Amino acid sequence: MLFELSLILFVLYIGALLAHRLRQSSVSVFIVAGILLKFFIPHSEVVRFMAQLGAMLLLFTIGLDFSPERVRQGSRKIFVATALDALINLPLGILLGLGLGLDVMSALIMGGVLYNNSTSIMARFIIDFRRSALPETEYAVSISVFQDLITALYLAIIAGIVHSGTLDVWGIGLVLGKTVGFFVGAFWAAMLLRPVLRRLMAHESIEVFLLFVVAFLMALAALAEWLGLSGAIGAFFAGFILPEREFRERVERVIAPFRDLFAAIFFVSFGLLMELSHVSHMLLASFLVILGAVWGKLGTGWVIGRLVRLSKSASWRLGVALIPRGEFSIILAGLAPTPSILGMTVITVLVLALLTPLLMKRFH
């Protein structure tokens, strides 16, 4: 086991170095690393557990970008733009899944895969192409951040349905009730517990601070799993509850090294799960998924851009910025009862991570 772990970490080091040199997203490089490692090591329970920790830490960090105040203060234009994004891309993914002959559960997952874009990959490309000051960038970032909140709820619902194993009205209603109840409870906890959390997190010792944050994260993850939801969703809401303004930088400083390590293993684990013998059978379906992913977001950017009176070129750039898929798409695909969904998603994430920089150069 130690040899396998050392091999994974050494390959991750080479992959991160390569991604930095090529100015590419490390997500795609780590997935490819996992595919290559599949020839040498199995996908063990230890790797699975570390990958689960990676997913939890990723969603915890995303949750830190939210707060009850931010949700309430979001501008009307941003909420409308986020709603349009969901109304266009979520049904598009579901219909595409049904058109590919998937069952209803897999089609719902495909809807989430095509709906959510990667905030981290998008932010990396915006910085690399020096687009931070462009008028559409504020909309792209805001839509992507609030989109993560919607996808977190969608993920919780899908995970609950998968856990219950039923798609009947009563089962879906029960899962939806649990999810909404968990969200509302987290929202009120964030309001009511702020004074207590501030005192607990104000300790001068980094050791005490780190142990409290991790214990709080794990407690929320365990509560979510006890309710039949995903542990990663509990981690997301742990980030949501913590008072981010006072402690965001400190939390980021102590959590970032663990997040980067376990998130890298998380992406490698999906490469290890790829069934290479089935890749040739997934190419046509993956091509259609990639087309739907690209044109869905380009159309979304155009509609939103014209609605908020951006120029035509800025509207196209907004759509391009929303194209990359990443963390949430892969987490959702991991819940699919059909193994081909994971394969198609991995191929889609890889291709879009490589395609987006080319499109950004085209729509400059």
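Refer to the structure above for everything that follows.
Residue numbering note: each chain is counted from 1, following its sequence as written. In keeping with the predicted nature of the model, local features appear solely for residues at pLDDT of at least 70, side-chain atom pairs appear and are counted solely at 80 or more, and the whole-chain, interface and lining totals rest on all residues. Side-chain measures were taken over the full set of non-hydrogen atoms in the model, leaving aside hydrogen atoms and water.

K.L.:
Any chance you could break down the environment of V289 for me, citing the residues and the numbers?
P.N.:
Note that V289 resides in helix 14 (residues 279-307). To sort residues, take the accessible area from a 1.4 Å probe on protein chains only and compare it with the maximum for the residue type: under 20% means buried, over 50% means exposed, and anything in between is partly exposed. V289 sits in the buried class, given a relative accessible area of 1%. Sequence spacing of V289 and G93 is 196 residues, and the spatial spacing of their C-alpha atoms is 8.1 Å. Any two residues whose heavy atoms approach within 4.5 Å are treated as being in contact. Ignoring any residue separated from it by four or fewer positions in sequence, one finds V289 in contact with L96, L100, M110, L114, M344 and T348. The helix count covers DSSP runs of H or I at least four residues long, the strand count covers runs of E at least two residues long, and both are numbered beginning at the N terminus.

K.L.:
Residue-level account of the packing of helix 5 (residues 76-99) against helix 6 (residues 104-115), with values.
P.N.:
As a packed pair, helix 5 and helix 6 sit with axes 7 Å apart at the nearest point and diverge in direction by 135°. Taken together, helix 5 and helix 6 sit at an angle that is classed as oblique. Once helix 5 is placed against helix 6, the crossing between them reads as right-handed. Residues T82, D85, A86, N89, L90, G93, I94, L96, G97 and L98 of helix 5 lie in contact with helix 6, whose contacting residues are A107, L108, M110, G111, G112, L114 and Y115. Classes in brief: Ala, Val, Leu, Ile, Met, Phe, Trp, Tyr, Cys and Pro nonpolar; Asp, Glu, Lys and Arg charged; the others, Gly included, polar. Across the contact of helix 5 with helix 6, the residue classes tally to 10 nonpolar, 6 polar and 1 charged. Interaxial angles span 0 to 180 degrees and are taken between N-to-C directions of axes, which are lines fitted to C-alpha atoms, for helices over the stretch in contact. Working definition: roughly parallel below 35 degrees, roughly antiparallel above 145 degrees, roughly perpendicular at 65 to 115 degrees, and oblique for all remaining angles. Left-handed describes a crossing whose near helix is turned anticlockwise from the far helix through less than a right angle; right-handed describes the clockwise counterpart.

K.L.:
Tell me what's going on with unusual backbone geometry, and back it up with residues and numbers.
P.N.:
Within the chain, R309 stands out as a residue other than glycine whose phi angle is a positive 65°. Tracing the backbone through its elements, the reader meets R309 in the loop between helix 14 and helix 15 (312-321).

K.L.:
Just give me the short version of helix 10 (residues 194-201), but keep the residues and values in it.
P.N.:
At 3.6 residues per turn, the α-helix brings residues three or four places apart onto the same side. Among all positions of helix 10, only R194, L197 and M201 are buried. Burial along helix 10 is one-sided: seen end-on, the buried residues are contained in an arc of 65°. The arc in question is the one spanned by the directions pointing from the helix axis to the C-beta atoms.

K.L.:
I'd like a rundown of the pattern of salt bridges, residues and numbers included.
P.N.:
Note that side chains of opposite charge can pair when their charged atoms are close. Each salt bridge in this description consists of a side-chain nitrogen of Lys or Arg and a carboxyl oxygen of Asp or Glu lying within 4 Å of one another. Under the defined criterion, the tally for this structure stands at 3 salt bridges. Put simply, R317 and E136 hold a salt bridge, and the shortest N to O gap is 2.7 Å. Residue R317 is located in helix 15, and its partner E136 is located in helix 8 (residues 135-164); the two are separated by 181 residues in the primary sequence. With relative accessibility at 11%, the residue R317 sits in the buried group. Between D260 and R259 there is a salt bridge; the shortest N-O distance is 3.1 Å. Look at D260 and you get partly exposed, because its relative accessible area is 45%.

K.L.:
How would you summarise the environment of A51 if you had to cite specific residues and measurements?
P.N.:
For A51, the position within the fold is in helix 3 (residues 45-64). Sequence separation between A51 and L261 is 210 residues; the distance between their C-alpha atoms is 9.8 Å.

K.L.:
Let's hear about the packing of aromatic side chains: which residues, and what values?
P.N.:
The description of an aromatic ring pair uses the distance of the two centres, along with the angle that the planes make with each other. Two rings belonging to Phe, Tyr or Trp (six-membered ring only in the last case) form a pair when the distance between their centres is within 6.5 Å. Interplanar angles under 30 degrees mark stacking, angles over 60 mark edge-to-face geometry, and anything in between is tilted. Scanning the entire structure with this criterion turns up 5 aromatic pairs. Ring geometry for F10 and Y13: centres 6.3 Å apart, planes at 45°, overall tilted. Of this pair, F10 and Y13 both sit in helix 1 (residues 2-22), 3 residues apart, which is roughly one turn of the helix. When the centroid spacing of 5.2 Å and the interplanar angle of 90° are considered together, the rings of F236 and F237 count as edge-to-face. Judged by its relative accessible area of 0%, F236 is buried. The ring centre of F209 lies 4.3 Å from the NZ or CZ of R250, which sits over that ring. Its end group placed over the ring of W302, R306 keeps NZ or CZ at 5.5 Å from the ring centre. Comment: the charge-over-ring label is applied if NZ (Lys) or CZ (Arg) is within 6 Å of the ring centre and within 35 degrees of the ring normal.

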